[in-house]
Amino acid sequence: IEGTPDHKIHVKGGKKALKDLTLADQVRIAIPFGVVTDDLDVVSAMTEAGQPVVRSGNYARLRLGKTSIPARIKWSVSLVRLLGLYAAEGSVSKSSTRPNSASLTFTFAKEGEEHLVDEVRRLLGEVFGLDAYIVNQETSTQIQTGSSIAAYLFAHLLGTGSDEKRLHPWIV
């Protein structure tokens, strides 16, 4: 964010000068809903990513995958929030023994971010119809889903590592 130190911006709970922002502040941004007219086409995204996909009615799965997700997903606050949480805290792990398998993981601090754990689990169910499980580590809590198609979709839309994450043109 660029601006003069005294420039005020909207954050959760009110307004703050740029010089007073901390990493804990949640900056409010406008989402231009009228700009995005198409649903997120999972089949097109997976095809663009080079992943073989099978469509069955309103659902799609990878050719060798078991888990299906909606073939078209409405752009919504829930989807955008989940993509934002992935950009900040998500990762994709590919199996070394099963070349077409991948898992989607969100990692949060063990304490103080329990609400985000609950939110990610809820959003994965709401947006993609996926169940997610919790893995408790010594200093963190992970939410994981073994859905390869969801993992590859997030990787295609946003990237996989902190140095490589970027917004896909469909999102911008």
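Below is a short write-up of the structure. On a predicted model such as this, the values are computed, not experimentally measured, just so you know.

## Some words on the pattern of salt bridges
Okay, so step 1: Using the criterion set out here, one finds 7 salt bridges in the structure.
Okay, so step 2: We note a salt bridge from Lys19 to Asp6, for which the minimum N-O separation is 2.8 Å. Note that Lys19 is positioned in the loop between strand E2 (14-17) and strand E3 (40-41) and Asp6 in the segment before strand E1 (8-11), a separation of 13 residues in sequence.
Okay, so step 3: According to the relative accessible area criterion, Lys19 is exposed, its value standing at 53%.
Okay, so step 4: A relative accessible area of 51% means that Asp6 is categorised as exposed.
Okay, so step 5: When the shortest N-O distance is used, the salt bridge between Asp41 and Arg72 registers 3.1 Å. Note that Asp41 is positioned in strand E3 and Arg72 in strand E7 (residues 72-73), a separation of 31 residues in sequence.
Okay, so step 6: Shared partners join several salt bridges into a network, and the residues in it are Asp39, Asp41, Arg72 and Lys74.

## Overview of the environment of Thr4
Okay, so step 1: Note that Thr4 resides in the segment before E1.
Okay, so step 2: Given the relative accessible area of 52%, Thr4 is considered exposed.
Okay, so step 3: Remark: the alpha-carbon pair of Thr4 and Ala17, spanning 13 residues in sequence, is separated by 8.7 Å.

## Topic: the environment of Lys16
Okay, so step 1: Along the polypeptide, Lys16 turns up in strand E2.
Okay, so step 2: Taking the C-alpha atoms as reference points, Lys16 and Asp6, 10 residues apart in sequence, are found 8.5 Å from one another.
Okay, so step 3: With residues near it in sequence (within four places) discarded, Lys16 still touches His7, Lys8, Ile9, Val11, Leu21 and Asp25.

## Quick look at the side chain of Asp25
Okay, so step 1: The residue Asp25 is located in the loop between E2 and E3 in this model.
Okay, so step 2: In terms of polar contacts, Asp25 uses its side chain to reach the side chain of Lys16, at 3.0 Å.
Okay, so step 3: Within the structure, the side chain of Asp25 is placed 2.7 Å from the backbone nitrogen of Thr22, a separation counted as a polar contact.

## Observations regarding the packing of aromatic side chains
Here the distance between the centres and the angle between the planes together describe a pair of aromatic rings.
Okay, so step 1: Taken as a whole, this structure holds 4 aromatic pairs when the rule is applied.
Okay, so step 2: A centroid spacing of 6.3 Å and a plane angle of 85° characterise the contact between Phe106 and Phe154, whose relative ring orientation is edge-to-face. Here Phe154 lies in helix H4 (residues 148-158) and Phe106 lies in strand E9 (residues 102-109), a separation of 48 residues in the sequence.
Okay, so step 3: Centre to centre, the rings of Phe128 and Phe154 are 5.6 Å apart; their planes meet at 50°, and the pair counts as tilted. Taken as a pair, Phe128 in helix H3 (residues 114-128) and Phe154 in helix H4 lie far apart in primary sequence, 26 residues in all. You'll find Phe128 and Phe154 in the same group, each marked buried.

## Looking at the nonpolar core
Okay, so step 1: Core analysis: the largest hydrophobic core is formed by 40 residues, its most contacted members being Leu104, Phe106, Leu124, Phe128 and Leu153.
Okay, so step 2: The residues touching Leu104, leaving out its near neighbours within four places in the chain, are Tyr86, Ser91, Val92, Leu124, Ile143, Gln144, Thr145, Ala150, Ala151 and Phe154.

Calculation rules
- Residues numbered from 1 in each chain as written.
- Predicted model: local features only at pLDDT ≥ 70, side-chain atom pairs only at ≥ 80, totals over all residues.
- Heavy atoms only, no water.
- Salt bridge = Lys/Arg side-chain N within 4 Å of Asp/Glu carboxyl O.
- Helix = DSSP H or I, 4+ residues; strand = E, 2+ residues; numbered from the N terminus.
- Buried < 20%, exposed > 50% of the residue type's maximum accessible area, 1.4 Å probe, protein only.
- Contact = heavy atoms within 4.5 Å.
- Polar contact = N/O pair within 3.5 Å; in protein donor to acceptor, adjacent residues only side chain to side chain.
- Phe/Tyr/Trp six-rings, centres within 6.5 Å; stacked < 30°, edge-to-face > 60°.
- Core = buried A, V, L, I, M, F, W, Y, C linked by side-chain atoms within 4.5 Å.

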